[in-house]
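# Topology and contacts: notes
Chain residues, written in single-letter form:
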Amino acid sequence: MLLGLLAMRERSPGAEASARIERQTERIRNRLSKIDVLSRDVSDDVIAWDALVLIQALRQRALSRSDSARLMRESFGVPSERVDFLLDRLLELEVITENDRSKYRATQRHLVGESASSNLAFRTIHRKFLELAIEALETRSDRARYSCSEVFTFSEDRLPELKKLSDRFLDDLQMLASRGRSAEARIYSAVFHAFPIGDPR
């Protein structure tokens, strides 16, 4: 994508278009410089919704093992044994680190699954966050959540364009979330799915 933007900058006429592409290019460079993607495959018992939530919690603040277990148990219903396993595995994979006060903090390394069964693991993650979204519609106030939906006519062969659009949105969302973090900040989930509805023809 970065090379594509650089090529577009050579072709695109106009100062406004050039400035826009320059901003996009710089944004991608900054993001790539801060992200360390785990190069080797990891087991699917780590590629899971509770691992993602735990990593995000440790990205917000350093927590001891007991504090991590209490947070995950009380807020998300994750058993302490599972949290112990995740802490050990994420530490081994260098996705989190432990300081000299026995507190854990997330690094800039991200999990990437490459095994044949990872597709099932990611479907399980999506299903869990959809369940949490349904629950939030009933239990969270309008002040604490934002919901929107859209119905549109679309061609399946244009899904790659839609993916690029959602990737840009998620990049912007991560940048927004990284600014002005406070101790009162909560863990949020943003779910985006595009799919055909109605009977196939």
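Residues numbered from 1 in each chain as written. Predicted model: local features only at pLDDT ≥ 70, side-chain atom pairs only at ≥ 80, totals over all residues. Heavy atoms only, no water.

## Describing the overall build of the chain
To keep things clear, this is the line we draw: Going along the chain from the N terminus, every DSSP run of H or I of four or more residues is numbered as a helix, and every run of E of two or more is numbered as a strand. Method for areas: the Shrake-Rupley scheme with a 1.4 Å probe, in which residue coverage is limited to the protein chains shown.
Within the chain, the regular secondary structure consists of 7 helices and 5 strands. Mapped in sequence order, the helices and strands of the chain form the string α-α-β-α-β-α-α-β-β-β-α-α. Counting every atom, the chain has about 14500 Å² of accessible surface; 53% of that belongs to carbon and sulfur.

## A few points about helix H3 (residues 49-60)
Which entries qualify depends on this criterion: One fewer than the residue count of a helix, multiplied by 1.5 Å, yields its expected span. Three exposure classes are used, based on accessible area relative to the maximum for each residue type with a 1.4 Å probe and protein chains only: buried under 20%, partly exposed in between, and exposed over 50%.
The end-to-end C-alpha separation of H3 is 17 Å, in line with the 16 Å expected for 12 residues at 1.5 Å each. For H3, the tally of buried residues reaches 10 of 12 residues, placing the bulk of the element in the interior. Residues of H3 that are buried include every one of Trp49, Asp50, Ala51, Val53, Leu54, Ile55, Ala57, Leu58, Arg59 and Gln60, and no others.

## Examining the environment of Asp88
Test applied: We call two N or O atoms a polar contact when they sit within 3.5 Å, provided that within protein one can donate a hydrogen and the other can accept it, with sequence-adjacent residues counted only if both atoms are side-chain atoms.
Among the secondary structure elements, Asp88 is positioned in helix H5 (residues 80-92). When its relative accessible area of 42% is taken as the criterion, Asp88 is described as partly exposed. Among the polar contacts listed, one links the side chain of Asp88 to the side chain of Arg65, at a separation of 2.8 Å.

## Focus on the packing of H3 against helix H4 (residues 65-76)
Two packed helices can be described by the angle between their axes and the distance between those axes. Cut-off, in case you're wondering: Every angle, taken between N-to-C directions, lies between 0 and 180 degrees, and every axis is a line fitted to C-alpha atoms, over only the stretch in contact when it is a helix. When an angle is under 35 degrees it counts as roughly parallel; over 145 it counts as roughly antiparallel; between 65 and 115 it counts as roughly perpendicular; any other value is oblique. Put simply, a crossing is left-handed when the front helix is turned counterclockwise from the back one by less than a right angle, and right-handed when it is turned clockwise. Should any heavy atoms of two residues lie within 4.5 Å, those residues are considered in contact.
Remark: H3 packs on H4, axes separated minimally by 11 Å, with the N-to-C direction vectors making an angle of 125 degrees. In terms of axis orientation, H3 runs oblique to H4. For the element pair H3 and H4, the recorded crossing hand is right-handed. Judged by residue contacts, Trp49, Asp50, Val53, Leu54, Ala57 and Leu58 of H3 engage Ser68, Leu71, Met72 and Phe76 from H4.

## Focus: the side chain of Arg89
In this fold, Arg89 is placed in helix H5. Within the structure, the side chain of Arg89 is placed 3.1 Å from the side chain of Glu92, a separation counted as a polar contact.

## Topic: the sheet that holds strand E4 (residues 103-106)
Where we set the bar: For two strands to count as paired, DSSP must find a minimum of two bridges between them.
Within the open sheet, the 3 strands sit side by side as E2-E4-E3. Their pairing is antiparallel. Edge positions in the sheet fall to strand E2 (63-64) and strand E3 (96-98), since each has one partner strand and no second. The sheet contacts of H3 involve E2, E3 and E4, and relative to E4 the element is tilted by about 100 degrees.

## Observations concerning the nonpolar core
Heads up, the condition is: In plain words, nonpolar cores are sets of buried Ala, Val, Leu, Ile, Met, Phe, Trp, Tyr and Cys residues tied together by side-chain atoms within 4.5 Å.
Grouped together as the largest cluster of nonpolar side chains are 24 residues, with contacts concentrated most on Leu54, Leu58, Met72, Val83, Leu87, Leu90 and Ile96. The set of elements that each furnish at least two residues to this core consists of H3, H4, H5, E4 and helix H6 (118-139). With 6 residues, the top contributor of residues to this core is H3. Leave out the neighbours within four places in its chain, and Val83 touches Ser68, Ala69, Met72 and Val78.

## A word on the pattern of salt bridges
Applied cut-off: Note on definitions: salt bridges are taken to be side-chain nitrogens of Lys or Arg within 4 Å of carboxyl oxygens of Asp or Glu.
Per the counting criterion, the structure on display carries 8 salt bridges. Note that Asp84 is salt-bridged to Arg65, the shortest N-O span being 3.2 Å. Taken together, the positions of Asp84 in helix H5 and Arg65 in helix H4 put the pair 19 residues apart, joining distant regions of the chain. With a relative accessible area of 29%, Asp84 lands in the partly exposed category. Put simply, Lys163 and Asp167 hold a salt bridge, and the shortest N to O gap is 3.0 Å. In this pair, Lys163 and Asp167 both sit in helix H7 (residues 159-178), 4 residues apart, roughly one turn of the helix.

## So, H7
For H7, which comprises 20 residues, the first-to-last C-alpha distance of 28 Å matches the rise-based estimate of 28 Å (1.5 Å per residue) to within 8%. Every buried residue of H7 is listed here: Leu162, Ser166 and Asp171.

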